[in-house]
Amino acid sequence: MKIGTPKEVFEGERRVAMTPDSAAQLQKLGHECLIETGAGNASGFDDAAYKAAGVEVVKTAAALWKAADVVAKVRVPDTAEMKRLREGQTLISFFSPVADEKKMEAAAKKGATVIAMEMIPRISRAQKMDALSSMANIAGYRAVIEAGNNFGRFFTGQITAAGKVPPAKVLVIGAGVAGLAAIGTSTSLGAITLAFDVRPEVAEQVESMGAEFVYLDFEEEQQDGAVTGGYASVSSPEFREAQLAKFRELAPEVDIVICTALIPNREAPELWTADMVASMKAGSVIVDLAAEKGGNCKQTVMDEKIVTENGVTIIGYTDFPSRMGAQASTLYATNIRHLMTDLTPEKDGVIDHNMEDDVIRGATIAHAEAVTFPPPPPKINAIAQQKNKPAAPKELTPEEKRAAEVAAFKAQTKNQMMLLGAGGALILGIGLIPGMPASFMQHFIVFVLSVFIGFQVIWNVAHSLHTPLMAVTNAISSIIILGALIQVGSSSWLITLLAGLGIFMASVNIFGGFLVTRRMLAMFQKS
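Please read all numbers here as calculations on a predicted model, not as lab measurements. (Residues numbered from 1 in each chain as written. Predicted model: local features only at pLDDT ≥ 70, side-chain atom pairs only at ≥ 80, totals over all residues. Heavy atoms only, no water.)

Q: Please clarify how the overall build of the protein should be interpreted in this entry.
A: A tally of helices and strands in the protein yields 16 helices and 17 strands. Each of the 527 residues in the protein was classed as buried or not, and the buried ones make up 42%. Taking contacts inside the protein between residues at least 6 apart in sequence as the whole, the part at least 24 apart equals 63%. (Helix = DSSP H or I, 4+ residues; strand = E, 2+ residues; numbered from the N terminus. Buried < 20%, exposed > 50% of the residue type's maximum accessible area, 1.4 Å probe, protein only. Contact = heavy atoms within 4.5 Å.)

Written out as structure tokens, the structure reads:
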């Protein structure tokens, strides 16, 4: 099939849904690739680069929409683009099915298939197609860069001959993908970073990145992220008041606030109120990544930067990913390429739109002349839930421990007595054999007792300085040396020679064991 990418018509949009690299991968799936002239220029991909990758460059958007079986876009299609959508065609794009219900119904009426990239389920195997996370990652990074561009000091603290510069104090509200990206960027720039999220389970992630998690003195059972698709759930009014109280306490201290809190298909919750803005120091910066949904700060103006009366800069840009066009296009095009890999399982250039597949079904909002939004919940949880941990063993009382030790000793003694009885019966049976010399029996009994005593001695050697195996081999070598020392004074030169060789080889084994152990211990010592 032919996969085409038109030039984005949204003013200021720099991203493109197909790059030369992703086009090369799509062609390996058996598809042909089309691109509108100039579609990648804003992202740094010119027509020559597409041609070199085997992509056909089409002069007009109308010609591309007419020729392509699959159209891949970034932004929600406008009215003119929706008119070009035809029966049997597949559109892959961000779509906003809740806000654009009429467009979704129009697509279904035409018999077209629409896959909304923001509807990709947040399950493990779909992470490679999760365009929301890809773009949120860029937005979180870029938010800190924009904040730094509007902040009048260094992020990191400095002591110079000209004076001392304190480090910036950054508060990140929301520890999702965008929040974690902002935390990582802020800490790497040297700022003191604080982070808050209504999900206390993300505290470890925050602290592992060098930030400090802000805890509330409030207990509320939060809904598991697996149930909410990895997003924070709506909190109770009591929790919200405790949250706002904590933010009011922090507002005069922080220099930069990055707001990332957003719940899908809902207006952004107000978390940074007017009185908090008023209490911030002059020169402080607020970057509101939720501006498109009303903002976490209601003073935010969408797509604008304003300065309040007390000198606080509030940034409400909604095009952070687009401001890094090349990087954003590369990630988004890779997300689409992975989606096309699932849609083309045989790699023969034929799309198999399997509505039984959790990922494909979840992202499809119009198919077979029907609106398929909202999708049913996926058959598997969005985030793998931890399996129930086995119950910890019950701690025994001193009396129970003593009783267990006595029972173990009795069992061990019983086994030893049974072995001794069996050994005695075996020796007695051998002694009763007719014609068995008495001298043989004397030596045989000494041999059996030696083996028994040697076994007890060897296996009771404590391996404090060695591994268990090394301790046992050294114990055996020591017994060999003792036996050889007894025989080394024999009148027979052969026995003396063998005894000397035994002492030499056993000594090598013992000293070698100590050397090996020393080297093993040195591996765990700091230089």
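Q: In this structure, what is going on with the nonpolar core? I would like to understand it.
A: A general trend in soluble globular proteins is that nonpolar side chains are found buried together. Ranked by size, the top nonpolar core spans 38 residues in total, and within it Val55, Ile92, Met117, Tyr332, Ile336, Leu339 and Met340 carry the most contacts. Contributions of two or more residues to this core are made by α1 (20-28), β2 (32-36), β4 (70-72), α6 (131-150), α11 (325-343) and α12 (358-363). (Core = buried A, V, L, I, M, F, W, Y, C linked by side-chain atoms within 4.5 Å.)

Q: Please clarify how the sheet that holds strand β12 (residues 256-259) should be interpreted in this entry.
A: Sheet strands associate in pairs through backbone hydrogen bonding, adopting either a parallel or an antiparallel arrangement. Sheet architecture is open: seven strands sit in the order β11-β10-β9-β12-β13-β15-β14, paired in mixed fashion. Edge strands, defined here as strands with exactly one partner in the open sheet, are β11 (212-213) and β14 (305-307). Two strands pair when backbone bridges link them, and β14 and strand β15 (residues 313-315) are joined in this way by three bridges, in the antiparallel orientation. If you follow Lys305 over to β15, its bridge partner there is Ile315. (Pairing = 2+ DSSP bridges.)

Q: Explanation requested: the confidence of the model for the protein in the structure shown.
A: The predicted structure's coordinates, where accompanied by low pLDDT, should not be read in detail. Across the protein, the average pLDDT comes to 87, with 90% of residues at or above 70. Across residues 222-228, confidence stays below pLDDT 50; counting only partners more than four residues off in sequence or on other chains, it has 16 contacts. (pLDDT = per-residue confidence, 0-100.)

Q: Help me out: how do you make sense of the packing of aromatic side chains in this one?
A: The description of an aromatic ring pair rests on the distance of the ring centres and on the angle between the ring planes. The final tally for this structure, using the stated rule, is six aromatic pairs. Measuring from ring centre to ring centre gives 5.3 Å for Phe196 and Phe247, while their planes differ by 90°; the resulting arrangement is edge-to-face. Here Phe196, found in strand β10 (residues 192-196), pairs with Phe247, found in helix α9 (residues 237-250); they are 51 residues apart in sequence, far enough to count as distant. Side by side, Phe196 and Phe247 carry an identical accessibility label, which is buried. Relative to Trp272, the ring of Phe247 has its centre 5.8 Å away and its plane inclined at 45°; by these criteria the two rings are tilted. Taken together, the positions of Phe247 in helix α9 and Trp272 in the loop between β12 and α10 (274-279) put the pair 25 residues apart, joining distant regions of the chain. Under the relative-accessibility criterion, Trp272 is labelled buried at 0%. Clustering of aromatic rings is evident, with ring pairs tying together Phe196, Phe247 and Trp272. For the cation-ring pair, Arg323 lies above Tyr317, with the distance from its terminal atom to the ring centre recorded as 4.0 Å. (Phe/Tyr/Trp six-rings, centres within 6.5 Å; stacked < 30°, edge-to-face > 60°. Lys NZ or Arg CZ within 6 Å of the ring centre and 35° of its normal.)

Q: I'm lost on the packing of α1 against α11 in this one. Help?
A: Helix-helix packing is characterised by the crossing angle of the two axes and by the distance between the axes. Contact geometry of α1 with α11 gives a least axis separation of 9 Å together with a crossing angle of 5°. For the element pair α1 / α11, the angle class is roughly parallel. Of the residues in α11, those in contact with Ser22, Gln25 and Leu26 of α1 are Ala333, Arg337 and Met340. Considered class by class, the residues forming the contact of α1 with α11 number three nonpolar, two polar and one charged. (Axes fitted to C-alpha atoms, helices over the stretch in contact; angles between N-to-C directions. Parallel < 35°, antiparallel > 145°, perpendicular 65-115°, else oblique. Nonpolar A, V, L, I, M, F, W, Y, C, P; charged D, E, K, R; others polar.)

Q: Can you help me understand unusual backbone geometry in this one?
A: The bulk of non-glycine residues show a negative phi, and the bulk of peptide bonds are trans. For the bond running from Phe373 to Pro374, omega is 0°, close enough to zero to count as cis. Its identity as a non-glycine residue notwithstanding, Asp303 has a phi of 65°, on the positive side. Following the sequence through the fold, Asp303 ends up in the loop between β13 (285-288) and β14. Judged by relative accessible area, which is 40%, Asp303 ranks as partly exposed. Positive phi is not limited to glycine here, since Glu369 has a value of about 60°. Inspection of the secondary structure puts Glu369 in the loop between β16 (364-367) and β17 (370-371). By relative accessible area, Glu369 is classed as exposed at 56%.

Q: Which parts of the structure should I look at to understand α6?
A: Two residues of an α-helix separated by three or four positions point the same way, owing to the 3.6 residues in each turn. Over its 20 residues, α6 extends 28 Å from the first C-alpha to the last, a length consistent with the 28 Å expected when each residue adds 1.5 Å. Within the sequence span of α6, burial applies to Ala131, Ser133, Ser134, Met135, Ala136, Ile138, Ala139, Gly140, Ala143, Val144, Glu146 and Ala147. Buried-residue contacts for α6 involve α7 (177-188), β12, β13, β15 and α11. (Expected span 1.5 Å × (residues − 1).)

Q: Quick question: what am I supposed to make of the sheet that holds strand β6 (residues 113-116) here?
A: The strand order across the open sheet built from eight strands is β3-β2-β1-β4-β5-β6-β16-β17, with neighbouring strands paired in mixed fashion. Two strands close off the open sheet at either side, each with one partner strand: β3 (56-58) and β17. Bridging between β4 and strand β5 (residues 90-93) involves three bridges; their strand directions are parallel. Of the residues in β5, the one forming a bridge with Val71 is Leu91.

Q: Looking at this structure, I do not really get the state of the cysteines. What am I missing?
A: Covalent bonding between the sulfur atoms of two cysteines defines a disulfide. Applying the stated criterion across every chain yields a total of zero disulfides. In this structure Cys259 is not part of a disulfide, and its nearest cysteine sulfur, from Cys297, lies 6.7 Å away. (Disulfide = S-S within 2.5 Å.)

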